[in-house]
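The chain contents come next:
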Amino acid sequence: MSENQNGMFDPKEHQHLRYNPLRDSWVLVSAHRMKRPWAGQVEKPSETNVPRYDPLNPLCPRNTRANGKLNPDYDSTFVFENDFPALQPDAPDPAADQHPLFQAKAARGVCKVMCFHPWSDVTLPLMKQEEIVRVIDKWAGLVEELGPVYPWVQIFENKGAMMGCSNPHPHCQVWASNFLPNEPALSDRCQREYYKKHGEPMLLQYAKQEAEQKERVVVEGKDWLAVVPYWATWPYQTLLLPRRHVLRISDLTPEEREDLASTMKRLLTKYDNLFEVSFPYSMGWHGAPTGPYLKEDNSHWQLHAHYYPPLLRSATVKKFMVGYEMLAGEQRDLTPEQAAEKLRNLPEEHYKSHEDSEKGK
Ligand code: H2U
């Protein structure tokens, strides 16, 4: 970067654009805006007390779901077909003869819901490491089951009402489709082009760089790394990366699953500790595509998870992706380095662990 009128470029002081190589787009970083007062504004909403078991919650063990089906008395993870699926295996094809401005394509697939735990009053960071390993094993199992049939298996978790989550019971969703959706299609193109040009998977090279530079690292495990990416758009966005070249979640070794569970627990505990609230986010896994892509060379791919949390300044003040973001481009205030430092310095003991030990959890 070159000098400007104010002297040497300082990313904390001077607005600039950063390149997102996974989306081939730019984000405007305006860190000087963080000088607006913010000390002391840590508003904490009164946390609603979720009961461990609610006889009316359709996700709890032994309860009846919307379609009248009974859940088993599960004691670990539990997967069921979404009773209100956005994608179903059968739908007729739209007419082939189409105007270029009115194009439609066939969309088929399946939607599943996966409960992480039989209790409604826990979240991933409050679960035991071995319980998180079972979640990871189930994610891998779903990719193994649906991957041979569908090109894309999207595992995602919407956490918190702020992110549109409809049920407090710890769960995620899995949507498998007969098409590659927009985000993975873009990511596929970007990783492929990078690999062609640089001869190494983009995110493998990126993880090595971040592990050396350290300033954006939030949590480091033996096999995993959680960073606030250089190009993050959400204030506390993170990227979870394996250190080894791994194409899909189903390719992880038992040791890598253990380390992933530990890294997730540490990261998500820090998230909760940031504003002392169960931190809302949307997260999801991206790995090499499946279905017909299983027969192709996907060396350009590297497995990773994105965490997109909406909160900015406190438990109630969220970042809105509106105005400039909707009409021009993404913009952020605090730098990714500042966000990483804040998260990194937070304790790895959950703020609730004291309360919970008193309650004898
Ligand atoms: P969200 O909280 O992320 O919306 O996920 C809950 C999902 O659970 C939602 O997609 C499904 C909803 O369709 N669900 C059922 O399949 N059956 C039910 O009885 C309740 C909710």
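Structure: see above.
Reading the values: the criteria
- Residues numbered from 1 in each chain as written.
- Predicted model: local features only at pLDDT ≥ 70, side-chain atom pairs only at ≥ 80, totals over all residues.
- Heavy atoms only, no water.
- Helix = DSSP H or I, 4+ residues; strand = E, 2+ residues; numbered from the N terminus.
- Rg over C-alpha atoms; globule rule 2.2 N^0.38 Å.
- Contact = heavy atoms within 4.5 Å.
- Areas by Shrake-Rupley, 256 points an atom, 1.4 Å probe, with all protein chains shown as cover.
- Buried < 20%, exposed > 50% of the residue type's maximum accessible area, 1.4 Å probe, protein only.
- Pairing = 2+ DSSP bridges.
- Axes fitted to C-alpha atoms, helices over the stretch in contact; angles between N-to-C directions.
- Near = heavy atom within 4 Å.
- Polar contact = N/O pair within 3.5 Å; in protein donor to acceptor, adjacent residues only side chain to side chain.
- Nonpolar A, V, L, I, M, F, W, Y, C, P; charged D, E, K, R; others polar.
- Parallel < 35°, antiparallel > 145°, perpendicular 65-115°, else oblique.
- Patch = residues over 30% accessible without salt bridge, like charges linked within 9 Å, V, L, I, M, F, W, Y side chains within 5 Å.
- Salt bridge = Lys/Arg side-chain N within 4 Å of Asp/Glu carboxyl O.
- Core = buried A, V, L, I, M, F, W, Y, C linked by side-chain atoms within 4.5 Å.

Draft legend 1. Representation of the overall build of the protein chain in the model. From N to C terminus, the protein chain includes seven helices and twelve strands. A compact globule built from 361 residues would reach a C-alpha radius of gyration of about 21 Å, and the protein chain, at 21 Å, matches this within 12%. Seen along its three principal axes, the alpha-carbon backbone of the protein chain occupies a region of about 70 × 65 × 40 Å. When contacts within the protein chain are restricted to residue pairs at least 6 apart in sequence, those whose partners lie at least 24 apart make up 69%. For the protein chain, the accessible surface area stands at approximately 17900 Å², while carbon and sulfur atoms represent 53% of it.

Draft legend 2. Molecular detail of the pairing of strand S2 (residues 25-29). Here S2 shows a buried face lined by Ser25, Val27 and Val29 and an unburied face lined by Trp26 and Leu28. For strand S1 (residues 16-20) and S2, the ladder comprises five bridges, and the chain directions are antiparallel. In the sheet register, His16 faces S2, and the bridge partner there is Val29. Between S1 and S2, which pair antiparallel one after the other, the connecting turn spans four residues, and Asp24 there sits at a positive phi close to 50 degrees. Relative to strand S12 (residues 330-332), S2 runs parallel, the two being bridged by three bridges. The residue bridging Leu28 from the neighbouring strand is Gln331, located in S12.

Draft legend 3. View of the sheet that holds strand S5 (residues 152-159). In spatial order, the strands read S3-S4-S6-S5-S10-S11-S9-S8-S7; together these nine strands make up an open sheet with antiparallel pairing. Two strands bound the open sheet, and with one partner strand each, they are strand S3 (78-81) and strand S7 (217-220). Across the sheet, the mean angle from the axis of one strand to that of its neighbour is 20 degrees, orientation sign disregarded. One ladder, built from five bridges, connects strand S10 (residues 281-286) with strand S11 (residues 304-308); its direction is antiparallel. Looking at S11, one finds that His286 is bridged to His304. Those strands touched by helix H4 (residues 254-275) are S5, S7, strand S8 (224-227), strand S9 (238-242), S10 and S11, and its axis lies near 140 degrees from that of S7. Here helix H6 (residues 336-344) sits on the sheet and contacts S7 and S9; the angle it forms with S7, its principal contact strand, is near 40 degrees.

Draft legend 4. Broad picture of the site of the ligand. The full set close to the ligand counts 14 residues, and Ala66, Asn82, Asp83, Ser166 and Gln173 are the nearest of them. Contact distances for the ligand include 2.9 Å between an oxygen atom and a side-chain N or O atom of His171. The protein chains hide 86% of the 470 Å² of surface that the ligand would expose on its own. In terms of residue class, the shell around the ligand is built from six nonpolar, six polar and two charged.

Draft legend 5. Quick look at the packing of helix H2 (residues 182-198) against helix H3 (residues 202-213). Where H2 contacts H3, the axes come no closer than 8 Å and their chain directions differ by 75 degrees. For the element pair H2 / H3, the angle class is roughly perpendicular. Along its contact with H2, which presents Cys190, Gln191 and Tyr194, the element H3 presents Met202, Leu203 and Gln205. For the contact of H2 with H3, a count of residues per class yields four nonpolar, two polar and no charged.

Draft legend 6. Looking closely at a nonpolar patch on the surface. On the surface, Phe320, Val322, Met326 and Leu327 cluster together into a nonpolar patch covering about 500 Å² of accessible area. Mapped onto the elements of the fold, Leu327 is located in helix H5 (residues 323-327).

Draft legend 7. Quick look at the sheet that holds S1. Strand order in the open sheet made by the three strands is S1-S2-S12, with mixed pairing throughout. Among the strands making up the open sheet, the edge pair consists of S1 and S12. Between one strand axis and the next, the sheet turns through 35 degrees on average, direction left out of account.

Draft legend 8. Quick look at the environment of Lys265. Positionally, Lys265 belongs in helix H4. It is 38 Å that separates the C-alpha atoms of Lys265 and Asp90, two residues lying 175 residues apart in sequence. What Lys265 contacts, discounting residues up to four positions off in sequence, is Pro125, Leu126, Met127, Gln129 and Ile132.

Draft legend 9. Examining unusual backbone geometry more closely. Residue Asp24 is not a glycine yet carries a positive backbone phi of 50 degrees. Mapped onto the elements of the fold, Asp24 is located in the loop between S1 and S2. When its relative accessible area of 39% is taken as the criterion, Asp24 is described as partly exposed. For Arg62, which is not glycine, the phi dihedral falls at a positive 70 degrees. Considering the arrangement of structural elements, one finds Arg62 in the loop between S2 and S3.

Draft legend 10. How the structure looks around the nonpolar core. Ranked by internal contacts, the top residues of the largest apolar core, which has 56 residues, are Trp139, Trp285 and Tyr307. The biggest single contributor to this core is helix H1 (residues 129-146), with nine residues. Each residue touching Tyr307, except ones within four places of it in the same chain, is listed here: Gln237, Thr238, Leu240, Met264, Leu267, Leu268, Tyr271, Tyr281, Ser282 and Met283. In terms of nonpolar packing, the next biggest core, distinct from the first, is built from 14 residues, Cys190, Ala211, Leu225 and Leu241 among them.

In short, geometric facts, not functional conclusions.
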